[in-house]
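# Tertiary structure, described
Read off the chains here:
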Amino acid sequence: MNTTNNTILITGGGSGIGLEIAKALSPANKIIIVGRTKEKLDAAAKGLENVFTIQADITDAADIDRLYEEIKTTFGSINILINNAGSAFVHNLANDEDIYSKAFTEFTTNYFAPIRLTDKFLPMLKQQNEAAIVNVSSIVGFVPGSHLPTYSDSKAALHSHTRLLRYELAKNTNIKVFELMPPLVATDFSAEIGGKENGIPASDVANDLVKAFQNDIYEVRVGNTGLLYDNFFAATEGAFATFNS
Ligand SMILES: NC(=O)c1ccc[n+]([C@@H]2O[C@H](COP(=O)([O-])OP(=O)(O)OC[C@H]3O[C@@H](n4cnc5c(N)ncnc54)[C@H](OP(=O)(O)O)[C@@H]3O)[C@@H](O)[C@H]2O)c1
């Protein structure tokens with residue numbers, strides 16, 4: 001995958017991993033960062049060349065329609081869609097209440113929104129000489145974490161969907177489908193579970209995505225994700241127990 005002269009849409013690009021991806025790929029590419037908070041987007045884009053902002057909530061169908069139209073009018077098209085925005089609740093299946101509403105919110109942001117964005121942009125991506133979709137899942141997408149149970153479910157669903165999307169689009173399109181699987185990363189997102197102290201820098205995740213683009217590596221198992229992945233397939237119960245201890 002070429003890493004220059006693309007037009008890239010990054011959901012959740014106003015902070016954390018999304019912002020580091022924007023930094024790593026600008027100014028050699030045109031980057032559009034999307035989020036719900038205008039001030040956050042403006043602060044993120046300040047000082048970055050070739051980074052543009054559009055305020056939108058990816059769980060809102062009307063916002064996605066407006067986002068698509070604004071991109072068509074202002075930029076013509078995109079050729080890379082990065083589904084990065086996410087939502088998570090730290091909770092416990094045995095002791096907490098209203099698991100349903102947490103799961104619903106997480107699936108709406110982490111699973112249904114990437115599918116809706118893909119639906120919307122797929123015809124545009126098909127028209128490009130080279131295009132990509134990147135879905136940001138997680139280490140817990142294949143080894144579920146007990147403190148993030150329904151978030152793990154949503155990322156497992158996204159992992160499964162991403163594999164099938166890659167398989168189908170490889171048949172007769174130019175669209176490459178990447179899955180970025182970070183371990184614990186030091187962002188606001190993971191502060192409640194010790195990410196600020198124990199997580200890897202978000203810039204490491206961004207750099208691994210750039211390398212994966214350069215080498216066409218489609219499942220990007222960042223840092224400890226690679227180790228856990230290998231352990232999991234060598235001994236699934238052992239890996240599950242170790243991860244959750
Ligand atoms: N941090 C970790 O340890 C870790 C580990 C594995 C995977 N991940 C995944 O990495 C991705 C990025 O997470 P991060 O750690 O970089 O978190 P972050 O710094 O909190 O960034 C998430 C961004 O998504 C935006 N966002 C959230 N909901 C949105 C919505 N409905 N519409 C539009 N934008 C929305 C947020 O901005 P607004 O609130 O302004 O909308 C925020 O800028 C997520 O998919 C997460 O699941 C994170």
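In what follows, the structure referred to is the one given above.
Fair warning: this is a prediction, and the values are worked out from it, not measured in the lab.

The rules behind these values
Residues numbered from 1 in each chain as written. Predicted model: local features only at pLDDT ≥ 70, side-chain atom pairs only at ≥ 80, totals over all residues. Heavy atoms only, no water. Helix = DSSP H or I, 4+ residues; strand = E, 2+ residues; numbered from the N terminus. Rg over C-alpha atoms; globule rule 2.2 N^0.38 Å. Buried < 20%, exposed > 50% of the residue type's maximum accessible area, 1.4 Å probe, protein only. Contact = heavy atoms within 4.5 Å. Areas by Shrake-Rupley, 256 points an atom, 1.4 Å probe, with all protein chains shown as cover. Lys, Arg positive; Asp, Glu negative; His and termini not counted. Charge placed at Lys NZ, Arg CZ, Asp CG, Glu CD. Phe/Tyr/Trp six-rings, centres within 6.5 Å; stacked < 30°, edge-to-face > 60°. Lys NZ or Arg CZ within 6 Å of the ring centre and 35° of its normal.

As a further point, take the overall build of the chain. Per the secondary structure count, the chain includes 9 helices and 7 strands. Against the 2.2 N^0.38 benchmark of 18 Å for 245 residues, the chain shows a C-alpha radius of gyration of 17 Å, consistent with a compact globule. Reported as C-alpha extents along the three principal axes, the dimensions of the chain are approximately 50 × 35 × 30 Å. The buried share among the 245 residues of the chain stands at 49%. A separation threshold of at least 6 residues defines the contact pool for the chain, and within that pool the share at least 24 residues apart is 64%. Accessible surface for the chain amounts to roughly 11500 Å². Of this, 50% is attributable to carbon and sulfur atoms. In the chain, the 20 positive side-chain charges and the 28 negative ones have mean positions that sit 6 Å from each other.

As a further point, take the packing of aromatic side chains. Evaluated as defined, the whole model comprises 12 aromatic pairs. Considering the side-chain rings of F142 and Y229, the 4.9 Å spacing of their centres and the 75 degrees angle between planes classify their relative orientation as edge-to-face. With F142 in the loop between strand 5 (131–136) and helix 5 (149–172) and Y229 in helix 8 (residues 224–234), this residue pair connects regions lying 87 residues apart in the sequence. Like Y229, F142 is buried. Grouping aromatic residues by their ring pairs yields a cluster made of F142, Y229, F232 and F233. Over the ring of Y68 we find K120, and its NZ or CZ is 5.1 Å from the ring centre. Directly above the aromatic system of Y229 lies the positively charged group of R221, at a separation of 3.6 Å from the ring centroid.

Its place among the elements puts N135 in strand 5. Residue class for N135 comes out buried when judged on its relative accessible area of 1%. Among all residues touching N135, those that are not within four sequence positions of it are N83, P114, L158, T162, F178, E179 and L180.

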